[in-house]
Amino acid sequence: ERVTFDYSIAKKFISDEEVRMIEKTVENARNELVGKSGAGNDFLGWIDLPVNYDKEEFARIKKAAGKIQSDSEVLLVIGIGGSYLGARAAIESLRHSFYNSVSKEIRKTPEIYYVGNNISSTYIRHLIEVIGDRDFSINMISKSGTTTEPAIAFRVFKKLLIEKYGKEEAAKRIYATTDKSRGALKNLATEEGYESFVVPDDVGGRFSVLTAVGLLPIAVSGADITKLMEGAASQRERCLNDGFTDNDSMKYAAIRNILLRKGKNIEILANYEPSLHYVSEWWKQLYGESEGKDQKGIFPASVDLTTDLHSMGQFIQDGQRTMFETVINLEKQKHEIVLEEEEVDLDGLNYLAGKTVDFMNKSAMKGTILAHTDGNVPNLVVNLPEENEYYIGQLFYFFEFACGLSGYMLGVNPFDQPGVESYKKNMFALLGKPGFEDQREELLKRL
Ligand code: PA5
């Protein structure tokens, strides 16, 4: 069993000839990626991460996670974008659906809250109330060490920590994940003596889930990060060595590129499990920031089903025909529920008695795949055998590798994000940051 890709249901939109024609292009993209000869080739550290990571730091991550588990009821994970979404995707997929609200006896590990991924004062205030007078620690994550959103949150919660524990003890409860030598956070960590973890120079934010960025919070949640790495390593083997026919990542990159050429410029990632919601958020960031540049790219969207069949489902079935859909099919449930028979069949559901709830979910999924296909939305399927560390590791690597290939096939550098700077410049100008005086005048005139 492993993560696999299947486009058989979409074959009426894609001819074998088209697939044959594109094979060479994907193969070239893989050579460029693995041979490190393409654009952004100083950001390819993620390719070997699952087998070539800092073992000493890995052990330190586990140790720090153990300390947080033993001395904190709450962990705050401060970060945004690639410094946030991977950890949340893994934790929500691997742990309890109601992780923070279920009893400590079931959860066994600290509550985990994410902050610094928005600039809402209400959110911050409410989080302060949730922490109350309980013991907490902070994992501050920023590769650059200068991103505004997490920096603001860090100021607020660092103060709270110092008020509660005093400066010295507070410093022992702050874990900084950042560049090995540069940036404001690194300076702060050195100055204050925070335990630090490194985001390697050659791993960009959205490809960093398998570095300390993702691994420390994931380990604190009680998930097994060794298995996560093993899963990613097994997928890496396939991605790097298998020929096109057996290479799921290459096939996924190929098919989405063929569909784009046919005008399908929106991809909707669909899940049928609430626990996969943040996998979709992680995926959107990975593909959106990697491909969306130079006026190119596939717009990555996502839906949670069957929930959104009662909202976005109408559009997918019947609206403008510019999209294709990639369904994550979770093959095996963690838990099963069987619907029981009722003596009087008032709700008319007795025909389902004895059937599992997952059988119904899968029937909804299969029915929807066919309906959307009939509505001219090509449906692709990514099969996920189970939600455990091994397969989630595989899934992360599967999507990362296909993303690198897709970027090269599109003719963009998938590893930069120049577009992210525009809003930052305007925000800094409006905030009155020194050095932005001229832009400030211009912007104020426009508002
Ligand atoms: O993928 C990326 O590079 C971005 O999404 C970054 O992760 C995000 O902007 C946060 O950056 P940093 O970790 O420097 O705070």
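If you check an unreviewed UniProt entry, the protein appears there as Glucose-6-phosphate isomerase from Mobilisporobacter senegalensis. The UniProt entry for the protein carries this comment under Subcellular location (unreviewed entry): "Cytoplasm". Reading the Sequence similarities (unreviewed entry) entry of the UniProt record for the protein gives the comment "Belongs to the GPI family."

**Q** Which residues make up the overall build of the protein, and what values do they have?
**A** What the protein contains, in helices and strands, is 17 helices and 10 strands. The C-alpha atoms of the protein give a radius of gyration of 23 Å, which matches the 22 Å a tight globule of 447 residues would have. Seen through its principal axes, the protein has C-alpha atoms that stretch 65 × 60 × 50 Å. Of all 447 residues assigned to the protein, the portion counted as buried reaches 44%. Contacts spanning at least 24 positions in sequence make up 77% of the contacts within the protein whose residues lie at least 6 apart.

**Q** Give me the lowdown on the sheet that holds strand 4 (residues 136-141), citing residues and values where you can.
**A** Pairing in this open sheet of 5 strands is parallel, and the strands run 3-2-4-5-6 from one edge to the other. Each edge of the sheet is formed by a strand with only one pairing partner; in this case those strands are strand 3 (111-115) and strand 6 (195-198). Strand-to-strand twist in this sheet, taken as the mean axis angle between neighbours without regard to direction, amounts to 20 degrees. Of the strands in this sheet, strand 4, strand 5 (174-178) and strand 6 touch helix 8 (residues 184-192), which is tilted by about 140 degrees from strand 5.

**Q** Please give an account of the UniProt feature "active site" (unreviewed entry) in the protein that cites residues and values.
**A** As recorded in UniProt, the feature "active site" (unreviewed entry) lies at Glu289 and Lys424. By the element assignment, Glu289 lies in helix 12 (residues 277-291). A count of 23 C-beta atoms within 10 Å places Glu289 in the buried class. In contact with Glu289, not counting residues within four places along its chain, are Arg206 and Gln417.

**Q** So what's going on with the pairing of strand 10 (residues 379-386)? Which residues, and what values?
**A** Side chains on a regular strand alternate between the two faces of the sheet. Strand direction decides the pairing type here: strand 1 (residues 4-6) and strand 10, joined by 3 bridges, are antiparallel. Bridged to Thr4 within strand 10 is Asn383. Relative to strand 10, strand 9 (residues 323-332) runs parallel, the two being bridged by 7 bridges. Each residue of the ladder has a partner; that of Ile328, found in strand 10, is Val382. Taken together, strand 9, helix 14 (residues 357-374) and strand 10 form a β-α-β motif whose crossover is right-handed.

**Q** Describe the nonpolar core, naming the residues involved and giving the relevant values.
**A** Most often, soluble globular proteins keep nonpolar side chains buried together rather than apart. Among the nonpolar cores identified, the biggest contains 120 residues, and Val77, Ile78, Ala90, Leu216, Ile218, Ala219 and Leu405 are the most heavily contacted of them. In terms of residue count, the dominant contributor to this core is helix 15 (residues 389-410) (15 residues). Those residues within four positions of Ala219 in sequence are excluded, and the remaining contacts are Ile61, Lys62, Ala65 and Ile225.

**Q** With reference to specific residues and values, describe unusual backbone geometry.
**A** A cis amide bond links Leu305 to the next residue, Thr306, at an omega of 10 degrees. For Lys108, which is not a glycine, the phi torsion comes out positive at approximately 70 degrees. Its location among the elements puts Lys108 in the loop between helix 4 (104-107) and strand 3. Positive phi, normally seen in glycine, also occurs at Asp294, with a value near 55 degrees. For Asp294, the location among the structural elements is in the loop between helix 12 and strand 8 (299-304).

**Q** Describe in detail the sheet that holds strand 8, supporting the description with residues and values.
**A** Ordered in space as 1-10-9-7-8, the 5 strands form an open sheet in which the pairing is mixed. Both edges of this open sheet fall to strand 1 and strand 8, since each of them pairs with a single strand only. Within this sheet the neighbouring strands show an average axis-to-axis angle of 25 degrees, counted without direction. Relative to strand 9, strand 7 (residues 266-271) is paired through 6 bridges, and the arrangement is parallel. Looking across to strand 9, one finds that Asn271 is bridged to Ile328. Contacts from helix 12 reach strand 7 and strand 8 within the one sheet, and its direction differs from that of strand 8 by about 175 degrees.

**Q** Any chance you could break down the packing of helix 12 against helix 15 for me, citing the residues and the numbers?
**A** Look at helix 12 against helix 15: their axes get within 10 Å of each other, and the N-to-C directions meet at 20 degrees. Here helix 12 lies roughly parallel to helix 15, going by the angle between them. Handedness of the crossing formed by helix 12 with helix 15: right-handed. Taken together, the residues of helix 15 that come into contact with helix 12 (itself represented by Trp283, Leu286, Tyr287, Ser290 and Glu291) are Phe399, Glu400, Cys403, Ser406, Gly407 and Leu410. Taken together, the residues that form the contact of helix 12 with helix 15 break down as 6 nonpolar, 3 polar and 2 charged.

**Q** Describe helix 6 (residues 148-165), and please don't skip the residues or the numbers.
**A** In this model, helix 6 (18 residues) spans 26 Å end to end at C-alpha, consistent with the 26 Å of a helix rising 1.5 Å per residue. Regarding helix 6, the residues found buried are Glu149, Pro150, Ala153, Phe154, Phe157, Lys158 and Leu161. The arc that holds the buried residues of helix 6, viewed along the axis, is 135 degrees, so those residues lie on one side. In helix 6, the exposed positions that point more than 90 degrees away from the buried face belong to Arg155, Lys159 and Glu163. Looking at the packing, one finds that the buried side of helix 6 touches strand 2 (74-78), strand 3, helix 5 (121-131), strand 4, helix 7 (167-172) and strand 5.

**Q** I'd like a description of the pairing of strand 7, backed by residues and values.
**A** Extensive coverage of strand 7 is indicated by the burial of 5 of its 6 residues. With 6 bridges joining them, strand 7 and strand 8 adopt parallel strand pairing. If you follow Ile266 over to strand 8, its bridge partner there is Phe299. Each parallel crossover has a hand, and for strand 7 linked through helix 12 to strand 8 it is right-handed.

**Q** Outline the environment of Lys172, supporting the account with residue identities and numerical values.
**A** Checked against the element boundaries, Lys172 lands in helix 7. It is 9.7 Å that separates the C-alpha atoms of Lys172 and Ile138, two residues lying 34 residues apart in sequence.

How each quantity is defined
Residues numbered from 1 in each chain as written. Predicted model: local features only at pLDDT ≥ 70, side-chain atom pairs only at ≥ 80, totals over all residues. UniProt positions renumbered as here; feature names shortened; annotations may be inferred. Helix = DSSP H or I, 4+ residues; strand = E, 2+ residues; numbered from the N terminus. Rg over C-alpha atoms; globule rule 2.2 N^0.38 Å. Buried ≥ 20, exposed ≤ 12 C-beta atoms within 10 Å, placed from the backbone. Contact = placed C-beta atoms within 7 Å. Pairing = 2+ DSSP bridges. Axes fitted to C-alpha atoms, helices over the stretch in contact; angles between N-to-C directions. Right-handed = clockwise from strand over helix to strand, strands pointing away. Core = buried A, V, L, I, M, F, W, Y, C linked by C-beta atoms within 7 Å. Parallel < 35°, antiparallel > 145°, perpendicular 65-115°, else oblique. Left-handed = near helix turned anticlockwise from the far one by under 90°. Nonpolar A, V, L, I, M, F, W, Y, C, P; charged D, E, K, R; others polar. Expected span 1.5 Å × (residues − 1). Arc of directions from axis to C-beta.

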